[in-house]
Amino acid sequence: MLTLWKSVVSDPKRSQFIALMLFVALGLVGILNHAMWRDELNVWLIVRDSGSLADFLANVKYEGHPLLWYLSLAVLNQFTDNPVVMQLYHLALGIGSMVLLWRAAPFAPWQKLLLMFGYYPFYEYLLISRNYAIGMLFLFSFCVAWPTRRRTYAWVGLFIALMANGNAYAFFIGFALLVTLAVEWLSDPKIRAQSRIGNLVGSGAIAILGLASAAYVLIPPADSALQGGLSRWFFQWDWHHLGRSLSRIWSAYIVVLIPDDPKVLDGVLFGIISLGLLGFFAIALLKRPVALFFYLFASLEIVTFTYVKFLGSLRHYGSLYLVLIAALWIAADCTPRPLAKLPFNVPLTTLYERVKSLQKPVFTVILTAQLVAGLIAYTRDYITPFSASKATTTYIQQENLNTLFMVGSRDANMAPICGYLNRKMYYPERGELGSFTLFNSQRTEATPDLILDHVTQLLKAGKPELLLVLNAPLAATRPQLAIAPLSEFHHGLIWDEHYFLYRVKLARAATRLGPGRTG
């Protein structure tokens, strides 16, 4: 890293090539080492195992995200059932975003280097194969195309449409960008004079159609239970909840220190600091009111959603970080406005100049915190599996247990097993074979007794023996069952994706089995 840093300082063009090659190499090593978890492979299973196009579209409606990622995977699935192809595609998306960053972003080379190996581009949106990377790619594509709006709105309209269909948070950002374009057009006579009505209407229609199609898919079915479905919203006033929602700005920017949500003091303290950060960069953008509008509108839009619907986790907070990067990016091609046209000119000018003098060191602190978090997360993922799923499926294949009829519970945590083994298993929660999980009103949680009830029925129906895969130790027994522990796998960061394997027969037909093994 020190050699790369020296290269950045001495030769920016050479540093671009070296940085990208290092990113590609480390990304390939990291993503192939990464043990995928349910959020990654449940999507792949929906694509793989939906019985028809109608079923596919209906299943995606329960996911809480638009279609583009799922359609991309559907194309890849036509060539192979191996989910590694999804990881390679995801890596390509991350690389594409970094190429755009290096080629067009108005940041210094050393800032691009810090940003590239930061937590979100280098870990969360690179190694973990989700639809957030596709949103980042089209957001950066929009930023690259931003200057072309003076000639045509076609490119920015197209990238808004694509971005909105990437993920739920990219939808919010895309909507904010469309509103920002409208505000700029209404407030800037030069922009209006350069616009052609046909191009404006056509490009706007593309963006609006993209947003509308994404919104249609995002609206969950009536029986959806994901994050409360259509019914669970939070409209009460709660200072602690407000502090927690605002603190997502801090968590998005400074990922090395995450507030503890249950603690009221953390919510208040980091909520106030987050408002300070939001205000700081808002003041820094005062002379670029269009970029300022986008920054505040998009950030507050996401924070509001966080308050009323879903507090989220780090991967969701990253949208706020991307909003900051995009605002600073597009500000470089926004028409500057003198502060003299704003009220309270003298104190505001003084404050603006003070903030501008601090912008570079504050932004550097954020980029450095992102770098530290990214390197730590990447290293941790390399040393400690994200999920125990890969080790579990390797053991099943090595011991030829894949030939047995398989029963798995909890169903939502079995997606990695079904994905890696390229098969279905019987889910007691549903009483049938399955792979992916839809969180709807028909789904129930299975107790240990219910699991063994289903196992007993399957064995009595003619299954000579079966493999029982659980994500927690079996907490029940039956005298008519011969249950032999085979192995357990609990070396993984995701606590509910530790796996416990049992070979089960009816007791009267059981033969002597060897002692259990631990892995």
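Fair warning: this is a prediction, and the values are worked out from it, not measured in the lab.

A. Geometry of helix 21 (residues 448–460). When the terminal C-alpha atoms of helix 21 are compared, their 18 Å separation across 13 residues agrees well with the 18 Å that a helix rising 1.5 Å per residue should span. Taken as a whole, helix 21 has its buried residues at I451, L452, H454, V455, T456, L458 and L459. The inward-facing, buried residues of helix 21 contact strand 1 (405–409), strand 2 (425–427), strand 4 (466–470), strand 5 (481–489) and strand 6 (499–506). Where helix 21 terminates, the next one or two residues include G462, which has phi positive at roughly 125°.

B. Summary view of the packing of aromatic side chains. Inspection of every chain in the model, using the stated rule, returns 31 aromatic pairs. Aromatic pair F122 and Y378: ring centres 4.7 Å apart, planes at 15°, arrangement stacked. You can see F122 sitting in helix 8 (residues 119–124) and its partner Y378 sitting in helix 18 (residues 345–383), a full 256 residues away along the chain. With a relative accessible area of 10%, Y378 lands in the buried category. Members of the aromatic cluster, connected to one another through ring pairs, are Y119, Y120, Y123, Y125, Y132 and Y321. The cationic tip of K61 hangs over the ring face of Y216; the distance from NZ or CZ to the ring centre is 4.3 Å. K309 extends its terminal NZ or CZ atom over the ring of W233, reaching a point 4.6 Å from the ring centre.

C. Seen up close, unusual backbone geometry. The linkage connecting S409 with the following residue, R410, adopts the cis geometry, with an omega of 5°. Within the element layout of this structure, R410 appears in the loop between strand 1 and helix 20 (415–421). One non-glycine residue with positive phi stands out, namely N400, at about 55°. Mapped onto the elements, N400 comes out in the loop between helix 19 (389–398) and strand 1. Located in the positive-phi region is N422, a residue other than glycine, with phi close to 55°. In this structure, N422 sits in the loop between helix 20 and strand 2.

D. How the structure looks around the pattern of salt bridges. In total, this model carries 19 salt bridges according to the counting rule given. Among the salt bridges present, the one from D188 reaches R337, with a minimum N-O distance of 3.9 Å. Of the two residues, D188 is situated in the loop between helix 11 (168–187) and helix 12 (189–194) and R337 in the loop between helix 17 (314–331) and helix 18; the sequence distance between them amounts to 149 residues. Residue classification places R337 among the partly exposed residues on the basis of a relative accessible area of 27%. Its salt-bridge partner being D453, residue R478 comes within 2.7 Å of it at the nearest N-O pair. Placement of the pair is R478 in the loop between strand 4 and strand 5 and D453 in helix 21, with a sequence separation of 25 residues. Judged by its relative accessible area of 30%, D453 falls in the partly exposed class. A network of salt bridges, in which partner residues are shared, links R149, R150, E184 and D333.

What counts, and at which threshold
Residues numbered from 1 in each chain as written. Predicted model: local features only at pLDDT ≥ 70, side-chain atom pairs only at ≥ 80, totals over all residues. Heavy atoms only, no water. Helix = DSSP H or I, 4+ residues; strand = E, 2+ residues; numbered from the N terminus. Expected span 1.5 Å × (residues − 1). Buried < 20%, exposed > 50% of the residue type's maximum accessible area, 1.4 Å probe, protein only. Contact = heavy atoms within 4.5 Å. Phe/Tyr/Trp six-rings, centres within 6.5 Å; stacked < 30°, edge-to-face > 60°. Lys NZ or Arg CZ within 6 Å of the ring centre and 35° of its normal. Salt bridge = Lys/Arg side-chain N within 4 Å of Asp/Glu carboxyl O.

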